[in-house]
Amino acid sequence: MKNLKWFGKLCLALAIVFEFGRIFGNVTEGYSPFYLFDLSQRFSMDNNTFIIYWGAILGIFFVLADALHKFENNE
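Here's a quick rundown of the structure. Keep in mind it's a predicted model, so treat the numbers as computed, not measured.

What counts and what doesn't
- Residues numbered from 1 in each chain as written.
- Predicted model: local features only at pLDDT ≥ 70, side-chain atom pairs only at ≥ 80, totals over all residues.
- Heavy atoms only, no water.
- Helix = DSSP H or I, 4+ residues; strand = E, 2+ residues; numbered from the N terminus.
- Expected span 1.5 Å × (residues − 1).
- Phe/Tyr/Trp six-rings, centres within 6.5 Å; stacked < 30°, edge-to-face > 60°.
- Contact = heavy atoms within 4.5 Å.
- Core = buried A, V, L, I, M, F, W, Y, C linked by side-chain atoms within 4.5 Å.
- Buried < 20%, exposed > 50% of the residue type's maximum accessible area, 1.4 Å probe, protein only.

In this model, helix α1 (residues 2-28) (27 residues) spans 39 Å end to end at C-alpha, consistent with the 39 Å of a helix rising 1.5 Å per residue. Directly beyond the C-terminal end of α1, a positive phi value near 95° is found at G30.

In structure tokens, the structure reads:
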């Protein structure tokens, strides 16, 4: 379970970096930041990085669970 948490959080960080990279690339090419934004394409098996985006969903759940656990232990 520890490895799955680590993998999910790593994928979440990579997905965030990829998305900021796409925004930066669009802006440098003169397009709007969300030009050709198609979230469904990122999760399709035709995309080479689909595992990272599916792992990012796991990462979101683990980050939220950790935050909830930390919040509950403070009280």
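The tally for this structure, following the rule as stated, stands at three aromatic pairs. A network of ring pairs unites the aromatic residues F43, Y53 and W54 as a single cluster.

This part takes up helix α3 (residues 50-74). In an α-helix there are 3.6 residues to a turn, and that puts residues three or four apart on one side. Taking 1.5 Å per residue as the helical rise, α3 with its 25 residues ought to reach 36 Å, and the 37 Å between its terminal C-alpha atoms agrees with that figure. Against α1 and α2 (39-42) lie the buried residues of α3.

This paragraph deals with the nonpolar core. Core analysis: the biggest nonpolar cluster contains six residues, these being C11, L12, A15, I52, Y53 and A56. Counting residues per element, the ones that place at least two in this core are α1 and α3. Here Y53 is in contact with A15, F18, E19, R22, R42, F43 and N47, once residues within four sequence places are set aside.

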